[in-house]
Amino acid sequence: MQIFTRNAQRWASKPLAQEQADGFKAGVKEQGLQEVMAHGSYLTNLASPDPRIHKLSVAAFEDELDRSEALGIPYFVIHPGSHKGTSFQEGLHTLTISLRRSLANRPDYKVMLLLETTAGGGKSLGGSFEHLAEILDQTAMPGRLGVCLDTAHVFAAGYDIRTQAGYEETLDAFKTQIGFGLLKAFHVNDSRSSLNSHHDIHADIGEGKIGLEAFRLLVNDPRFKHHPMNLETPGDEAAFQRNLQRLYDLRRL
Ligand SMILES: [Zn+2]
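The paragraphs below set out a description of the structure included in this document.

Criteria and thresholds
- Residues numbered from 1 in each chain as written.
- Predicted model: local features only at pLDDT ≥ 70, side-chain atom pairs only at ≥ 80, totals over all residues.
- Heavy atoms only, no water.
- Phe/Tyr/Trp six-rings, centres within 6.5 Å; stacked < 30°, edge-to-face > 60°.
- Helix = DSSP H or I, 4+ residues; strand = E, 2+ residues; numbered from the N terminus.
- Buried < 20%, exposed > 50% of the residue type's maximum accessible area, 1.4 Å probe, protein only.
- Donors = N, O, S within 2.8 Å, 3.2 Å for Na, K, Ca; no water.
- Pairing = 2+ DSSP bridges.

**Focus: the packing of aromatic side chains**
Part 1: Inspection of every chain in the model, using the stated rule, returns seven aromatic pairs.
Part 2: A ring pair is formed by F129 and F174, whose centres lie 5.1 Å apart and whose planes are at 75 degrees; its orientation type is edge-to-face. Remark: F174 occurs in helix α6 (residues 164–177) and F129 occurs in helix α4 (residues 129–139); sequence separation between them is 45 residues. F174 matches F129 in its accessibility class, with the two residues each being buried.
Part 3: Between F186 and F224, the aromatic rings sit 4.9 Å apart at their centres with planes inclined by 65 degrees, giving edge-to-face as the arrangement. Linking F186 in strand β6 (residues 183–188) with F224 in the loop between α7 (212–219) and β9 (229–231), this pair joins segments that are 38 residues apart in sequence. This pair shows no difference in class: F186 is buried, exactly as F224 is.
Part 4: Among the aromatic residues, ring-to-ring pairing joins F129, Y159, F174, F180, F186 and F224 into one connected group.

**Re the coordination of the zinc ion**
Part 1: The coordination sphere of the zinc ion contains the protein donors E116 (OE), D150 (OD), H187 (ND1) and E232 (OE), at a distance range of 2.1 to 2.2 Å.
Part 2: Read from N- to C-terminus, the donor residues coordinating the zinc ion fall into the pattern E-x33-D-x36-H-x44-E. Taken as a pair, E116 in strand β4 (residues 112–116) and D150 in strand β5 (residues 145–150) lie far apart in primary sequence, 34 residues in all.
Part 3: E116 gets classed as buried once you look at its relative accessible area, which sits at 0%.
Part 4: Given the relative accessible area of 0%, D150 is considered buried.

**Some points on the pairing of β6**
Looking down a regular strand, the side chains alternate between one sheet face and the other.
Part 1: Among the six residues that make up β6, five are buried, leaving the element largely enclosed by the rest of the structure.
Part 2: Bridging between β5 and β6 involves four bridges; their strand directions are parallel. Counted as the bridge partner of C148 is A185 from β6.
Part 3: Bridge count for β6 against β9 is three bridges, and the pairing is parallel. Looking at the pairing, V188 lines up with L231 of β9.

**Section: the sheet that holds strand β3 (residues 75–78)**
Part 1: Sheet architecture is open: seven strands sit in the order β1-β2-β3-β4-β5-β6-β9, paired in parallel fashion. If you trace the sheet from one side to the other, it starts and ends with β1 (2–3) and β9, each paired once.
Part 2: The pairing of β4 with β5 spans four bridges and is classified as parallel. Along β5, the bridge assignment pairs E116 with C148.

Read these as spatial facts, not as claims about activity.
Structure, rendered in structure tokens:
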């Protein structure tokens, strides 16, 4: 399961009450849910060159980190952000300094921060495995950071996972540049936008430009048998059920 721990479209939020945290933890236990993930707010940009936006972003990020910890959530996923036209190096610097500071101020936290692979393009960070590796290196907080691979994003970023050869080549690149030890979770989405388009538009499994084969390979890959995978496909509860069923149907019995 993946959740937002606060309103993802607003800067302000009410503090989390102890009863809410306790209720959530009890519910997770009762339902037998494993590997719950929190997803960061959409406004947050820890790489922002604008001091006002950066300050708001750090506050929102730290609040979500605190909430995730209070809720007993093991993984908190964020997008690395955008340098907004300054430079990759500048964005990287702003981002990694912020991550280091926030994590270093919370030395006992159990929640692990996951950086999500992004569709890339001109201004966004995290669109290639090399870039993600650089962010992880410079943040230099071993054990506190990992990666969440989003199938739609890597495809839009230019990694062609549509065939077995392309799928293996992509994962080999990940293994070489980042290492499987840091690959902690997946976002499983088809893509409405094309290979290398750098546009982040999700589609139902098997109905986008990626097609079923990549998902068949992923859900049968023994290396990721125990990794949490979350759907972020469009639509309502019924649509999620359809997509989930499609993934189940792809599994070899
Ligand atoms: Zn995602």
